[in-house]
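# Topology and contacts: notes
Residue-level listing of the chains:
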Amino acid sequence: MDNHITTYNQLNPAAEARVDALLAQMTLAEKVGQLVQTNPFGPFDRDHYDAQKQTAEENGEPFEYFPKLRHDMEDLLRAGGVGSFLNVTLPKAINHCQRLAVEESRLGIPIMVGSDVIHGYRTIFPIPLAEASTWNPELLEKASRVAAEEASAVGVDWIFAPMVDVARDPRWGRIAEGAGEDPFLGMAMARARVRGFQTTHLASGRRIAACPKHYVGYGAAEAGRDYNTTDFSERTLRDVYLPPFKAAFDAGAGSVMSAFNEISSVPATANPLILRTILRDEWQWPGVVLSDYEAVKELIPHGLAADLREAARLSLLAGLDIEMISDGYHNHLAELVESGEVPLELVDEAVRRVLRLKIAVGLFEKPYVDESLAPKLILRPDFRELALDVAHESMVLLKNDNDLLPLSPQARLAVIGPLANNHKDMLGCWSLHTHPEDVETVLEGLSVYLPDEAWTYVPACPIREDGPLDIAAAVAAAQDADVVLLVLGESADMSGEGHSRTDLGLPGRQQEVVDAVAATGKPIVCVLMSGRPLVIPQLASQADALLCAWHAGIRAGRAVADILFGTVNPSGKLTASWPRSMGQIPTYYSHKNTGRPASEAGTKQFAESFKSVYIDAPNSPLFPFGYGLSYTRFAYSDLHIVQPELGLDDTLTVTATVTNAGERAGAEVVQLYVRDLVGSVTRPVKELKGFQKITLQPGEKRTVSFAVPVSELGFTGLDMRYVVEPGDFKVWIGPDSTSGLEGSFHIKKA
Ligand code: GLC
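These figures come from a predicted structure and were not determined experimentally.

### So, the overall build of the protein chain
- Helix and strand content of the protein chain: 22 helices and 27 strands.
- Computed over C-alpha atoms, the radius of gyration of the protein chain comes to 27 Å, within 12% of the 27 Å expected from 2.2 N^0.38 for 750 residues, which places it in the range of a compact globule.
- Summarising its shape, the C-alpha atoms of the protein chain cover approximately 75 × 75 × 45 Å along the three principal directions.
- The proportion of buried residues among the 750 residues of the protein chain is 61%.
- Entry remark: accessible area of the protein chain is about 27200 Å², with carbon and sulfur atoms responsible for 51%.
- Counting 68 positive and 98 negative side-chain charges, the protein chain places the centres of these two groups 3 Å from one another.

So, in structure tokens, the structure goes:
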């Protein structure tokens, strides 16, 4: 892995001098311009499009549409009235606007182009929740580098990712975009993606700045309803939601995007605690804070600001640097400074951070993009191979009774379900430009292993709406087959931004198809595609084998087939719990013990009176955090704690032996959890503090060792400061959050 990473979190004296020199020349209007992010194009103009397309065809040139610019855009660029663009990925258009900014404005400050490249630009990888299920940060760094290569080639120098929101409510559609429920895993994935995005030596010769988002606590939306109120303690803020952002900043991330939600009743975009006290005073982080889409203007419906002028004032004072899309800063900031309501030095601080980032990303030296590069780079074969690798490692085998999988190539299959021959939904909820033609479907994957006559395909029903239900054809195909392959789940637009669900069962009438097919008694393999954990207790009991394939990107179909036929041994592990029922939500492994804990597994009320249990279900999820099966079996033995008595400056070293007790090679994610038994505040029953993905040949055994500095076993104490407290701890090494070898250690008083 190329270790050249651009980091944007250290001040560079030469760059600061350049910033000082520029600032000294800038008018107030030019300063405000740097804090404005907009989209340069006007509304789509069909005639304008058709005319350009016709000209390209007449000239025999490739057609790349150059949309009509907003009427005021060229003047704004010449006046230095815009600092950055959102989601412009057209090299010709970017260069045209950049020339106006660089060559025709007074100070020639380049435009920065930001874009949502969430799980790939054109080489679309599995959704981030799937990528996290690889538990392979090195692989994600490579995937993020490919995203950076393609994005940079079209002129993007700012990627609005990684999304690092910890999410513990699968009703929330944006759980698809992050790394799941755990801060520690979230930190590892945040670091990997920032490193990948900010890698140097891109083919474009330019650089990218990452933008972790959404700062902060967006995943705590009440009832899992997107954009809803969040309400959590400062301790939860500091111990659960902030750590992945801090990890991203420590990895060098150059910017952050403020969230839509409020934190303790103050919306993030105008919240001084998170934008100044934590970011600047506590963390001394010098990067740029960008608002989310019109989040400044949304302070009005939040009820924090009576109008856009007040919203702009509150945001700038709180520490927001750039306003995305809405016009609060553009329309009011200069006048707010002139009226004395906003100190000029705060505007200068914000502009300084923006100029610093533009200098560090290299825009002044290389403002233009090579318009010939993208076609040579996009969807490069090695990029597509990497997308297949990530898809392989992202899929989680949830059940495999009687080792039904891998399938025999001689098997006669009934392939049933609306997602087996589907291109578009494999791209998931955040593929900026949708190219379904790039996707390999499950049927196309199967054809690598089986002749067409070896299977019958019946869509059986649509994914969601109550469309035609073809139960009879599904049953007939099942009866005529050796094995039924169900390919079911969600469409891509059932997760992602603004797409929360109140019922996480199979959408539409898919369960009716399962019921009918299950009644035939044929063995059932189910490939389940979704943007989130689903609530599928009935399906899980009816399927003999269950593979969680997520929305796995352009190579989804091939990856599914490679796993179904055993070319690849699945190694994915869940990073978000799968509830048994909607009533359990939120359910996550790192919960508190309460004063009335249920027994380990969690049982129904009548077995344990007056404990923290339900009358009608156990507490445990259907599938827990960290869970995933393999085609081989791994055995754990010989847990050993090198030093059971530790001082505050020591390192906890724990080892265990992992054996591949099966007949085929496989990769296992060995996980280390700890529990602080007694603290000055209550502590979770388990916390992930280490993981290693290892590959073992049949019969091979390996001693896996974890070294965890005691300094990392702390939490936010009663005084809201980070503390490590002496006391007794438990430690586990195992295959998931519910099992493994247990030991104990003690941290001594200083
Ligand atoms: C959206 C999303 C954010 C994205 C931004 C720009 O509303 O919340 O993740 O980066 O707008 O598209």
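### Thoughts on the sheet that holds strand β23 (residues 701–709)
- Taken together, three strands build an open sheet; the order of strands is β18-β20-β23 and the sheet is antiparallel. The outermost strands of the open sheet, each flanked by one partner alone, are β18 (634–641) and β23. Across the sheet, the axes of successive neighbouring strands diverge by a mean angle of 25 degrees, strand direction being ignored.
- Two elements, β18 and strand β20 (residues 651–660), share six bridges in a ladder whose sense is antiparallel.

### What about the pattern of salt bridges?
- Counted according to the given criterion, the structure contains 50 salt bridges.
- We note a salt bridge from aspartate 480 to arginine 412, for which the minimum N-O separation is 3.7 Å. Taken together, the residues span a long stretch of sequence, with aspartate 480 in the loop between α19 (471–479) and β15 (483–489) and arginine 412 in the loop between β12 (396–400) and β13 (413–416) at a distance of 68 residues.
- When salt bridges that share partners are traced, they join Arg276, Arg280, Asp321, Glu349 and Arg353 into one network.

### Comments concerning the sheet that holds strand β7 (residues 255–258)
- Strands sit in the order β6-β7-β10 across an open sheet of three strands; the sheet is parallel. Every other strand in the sheet has two partners, leaving β6 (213–215) and β10 (288–291) as the edge strands with one partner each. Taken pair by pair, the neighbouring strands of this sheet meet at an average axis angle of 50 degrees, ignoring direction.
- Bridge count between β6 and β7: two bridges; the pairing is parallel. Paired with lysine 213 across the bridge in β7 is methionine 257.

### Quick look at the site of the ligand
- As a matter of local geometry, the ligand sits amid 13 residues, with Asp116, Arg174, His214, Asp292 and Glu497 nearest to it.
- The side chain of arginine 174 places a nitrogen or oxygen atom 2.7 Å from an oxygen atom of the ligand.
- When the free accessible area of the ligand is taken as 310 Å², the share hidden by the protein chains comes to 93%.
- Tallied by class, the residues present in the shell around the ligand amount to six nonpolar, two polar and five charged.

### Side note on the domain arrangement of the protein chain
- Partitioning the protein chain into structural domains gives domain 1 (14–374), domain 2 (395–564) and domain 3 (578–750).
- With 17 residues of domain 1 at the interface, the matching set in domain 3 holds 24 residues.
- Interface of domain 1 and domain 3: buried area, both sides summed, is about 1800 Å²; carbon and sulfur atoms make up 66% of it.
- Broken down residue by residue, the surface that domain 1 buries against domain 3 is led by Trp135, Phe184 and Arg235, which jointly contribute 40%.
- There are zero salt bridges connecting domain 1 and domain 3.
- Of all the secondary structure elements, the ones that give two or more residues to the side of domain 1 that touches domain 3 are α8 (183–197) and α9 (234–241).
- Of all the elements, α9 adds the most residues to the side of domain 1 that touches domain 3, at four residues.
- Taken together, the residues of the side of domain 1 that touches domain 3 sort by class into six nonpolar, two polar and nine charged.

### With respect to the nonpolar core
- Core analysis: the biggest nonpolar cluster contains 211 residues, and Leu413, Ile416, Ile536 and Leu564 have the highest contact counts within it.
- Here the element with the most residues in this core is helix α15 (residues 344–360); it accounts for eight residues.
- Setting aside chain neighbours within four positions, we find leucine 413 in contact with Leu407, Leu446, Leu450, Ala454, Trp455, Thr456, Ala481, Val483, Leu485 and Phe565.
- Counting residues in hydrophobic clusters, the runner-up holds 24 residues, among them Leu652, Leu672, Val708 and Phe745.

Here is what the cut-offs are and how they apply
Residues numbered from 1 in each chain as written. Predicted model: local features only at pLDDT ≥ 70, side-chain atom pairs only at ≥ 80, totals over all residues. Heavy atoms only, no water. Helix = DSSP H or I, 4+ residues; strand = E, 2+ residues; numbered from the N terminus. Rg over C-alpha atoms; globule rule 2.2 N^0.38 Å. Buried < 20%, exposed > 50% of the residue type's maximum accessible area, 1.4 Å probe, protein only. Areas by Shrake-Rupley, 256 points an atom, 1.4 Å probe, with all protein chains shown as cover. Lys, Arg positive; Asp, Glu negative; His and termini not counted. Charge placed at Lys NZ, Arg CZ, Asp CG, Glu CD. Pairing = 2+ DSSP bridges. Axes fitted to C-alpha atoms, helices over the stretch in contact; angles between N-to-C directions. Salt bridge = Lys/Arg side-chain N within 4 Å of Asp/Glu carboxyl O. Near = heavy atom within 4 Å. Polar contact = N/O pair within 3.5 Å; in protein donor to acceptor, adjacent residues only side chain to side chain. Nonpolar A, V, L, I, M, F, W, Y, C, P; charged D, E, K, R; others polar. Domains from an automatic or database assignment. Contact = heavy atoms within 4.5 Å. Buried area = accessible area lost by both parts, 1.4 Å probe. Core = buried A, V, L, I, M, F, W, Y, C linked by side-chain atoms within 4.5 Å.

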